[in-house]
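Structural overview
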Amino acid sequence: KLSAGTIAICIVTLIFLLEDFLMFTYLYHISGLSQPIYTLPSFFYSPLTVSIGTYILMNAVLKLLSFLVLGGVCMVVSSIVKNEILPFCCSFAVTLILVLTDAFVENRVVSVFNPVTLFSCGKLFKEFQVVDIMGTPVYAFCLPIILAVLELILFSAATILISNFAPRMKCRFRRRKNEI
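On a predicted model such as this, the values are computed, not experimentally measured, just so you know.

Attention now moves to the overall build of the protein. Secondary structure assignment for the protein yields seven helices and two strands. What you see in the protein, going N to C, is helices and strands ordered as α-α-α-α-α-α-β-β-α. Within the protein, the proportion of its 180 residues that are buried is 33%. Within the protein, counting contacts between residues at least 6 apart in sequence, those at least 24 apart form 58% of the total. Accessible area for the protein stands at about 11,400 Å²; split by element, carbon and sulfur atoms hold 72% of it.

With that settled, the discussion passes to a nonpolar patch on the surface. On the surface, Phe92, Leu96, Leu100, Phe104 and Val105 cluster together to form a nonpolar patch covering roughly 500 Å² of accessible area. Within the secondary structure layout, Leu100 lies in helix 3 (residues 85-104). The exposure class of Leu100 is partly exposed, given its relative accessible area of 40%.

Attention now goes to helix 7 (residues 142-165). In an α-helix there are 3.6 residues to a turn, and that puts residues three or four apart on one side. Compared with the 34 Å implied by 1.5 Å per residue over 24 residues, the 34 Å span of helix 7 between its first and last C-alpha is a close match. Residues of helix 7 that are buried include every one of Leu143, Pro144, Ala148, Glu151 and Thr159, and no others.

Turning to the pairing of strand 1 (residues 130-133), a few remarks are in order. Note: strand 1 against strand 2 (residues 136-139), four bridges, orientation antiparallel. Bridge pairing links Val131 to Val138 in strand 2.

Closest axis-to-axis distance for the helix 2 (residues 52-80)/helix 7 pair is 9 Å, and the angle between their directions is 25°. Relative to helix 7, helix 2 is oriented roughly parallel. As helix 2 packs across helix 7, the resulting crossing turns out to be left-handed. Of the residues in helix 7, those touching helix 2 at Leu62, Leu65, Leu68, Val69, Gly72, Val73, Met75, Val76, Ser79 and Ile80 are Ile145, Ala148, Val149, Glu151, Leu152, Phe155, Ala158, Thr159, Ile162 and Ser163. In terms of residue class, the contact of helix 2 with helix 7 is built from 15 nonpolar, four polar and one charged.

Summed over the entire model, instances satisfying the criterion amount to one aromatic pair. Summarising the aromatic geometry, the rings of Phe16 and Phe67 are spaced 5.5 Å apart at their centres and angled 40° between planes, so their arrangement reads as tilted. Within this pair, whereas Phe16 is found in helix 1 (residues 2-28), its partner Phe67 is found in helix 2, the two being separated by 51 residues in sequence.

What follows is about the side chain of Thr13. Relative to the helices and strands, Thr13 is located in helix 1. For Thr13, a relative accessible area of 6% puts it in the buried group. Excluding anything up to four places from it in sequence, Thr13 contacts Ala60, Leu64 and Phe67.

The rules behind each value
Residues numbered from 1 in each chain as written. Predicted model: local features only at pLDDT ≥ 70, side-chain atom pairs only at ≥ 80, totals over all residues. Heavy atoms only, no water. Helix = DSSP H or I, 4+ residues; strand = E, 2+ residues; numbered from the N terminus. Buried < 20%, exposed > 50% of the residue type's maximum accessible area, 1.4 Å probe, protein only. Contact = heavy atoms within 4.5 Å. Areas by Shrake-Rupley, 256 points an atom, 1.4 Å probe, with all protein chains shown as cover. Patch = residues over 30% accessible without salt bridge, like charges linked within 9 Å, V, L, I, M, F, W, Y side chains within 5 Å. Salt bridge = Lys/Arg side-chain N within 4 Å of Asp/Glu carboxyl O. Expected span 1.5 Å × (residues − 1). Pairing = 2+ DSSP bridges. Axes fitted to C-alpha atoms, helices over the stretch in contact; angles between N-to-C directions. Parallel < 35°, antiparallel > 145°, perpendicular 65-115°, else oblique. Left-handed = near helix turned anticlockwise from the far one by under 90°. Nonpolar A, V, L, I, M, F, W, Y, C, P; charged D, E, K, R; others polar. Phe/Tyr/Trp six-rings, centres within 6.5 Å; stacked < 30°, edge-to-face > 60°.

Rendered as structure tokens:
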């Protein structure tokens, strides 16, 4: 289940990578992917010192991470509930809540924990922002990445544990094979 979801998410991310490349070419009229990212007007204050091509790849990796976290939510829900429509509805509701939270809530703490922030990571990299963590300045874009990796590990572990141990437990949400 995890590998099939990961393959589907990688295919969707490749489609978004192609879309990002075409949009950068169309919007910014770039002549080469080796130019520094800060040569683009909207990334003038960016803390990144990478090329445009590297930024597009970083953007794709962060979208992949965001999709994997959202896919992890879907996997956990589908591992708990064996009904076909209920996991889809729950996953859609969670994703909708996260997208609306990212769009309308301007709280910095909420945006750090929201994996949808990585999907639209352009706003993370356009400005130089630093967060103070115990007296140490840390780039603001590092926190959502670290937390998304931790969320991905948590959801993957939960899916594996539920898939392996739930058949042994009498869970009222799971159907037993002899009840079909």
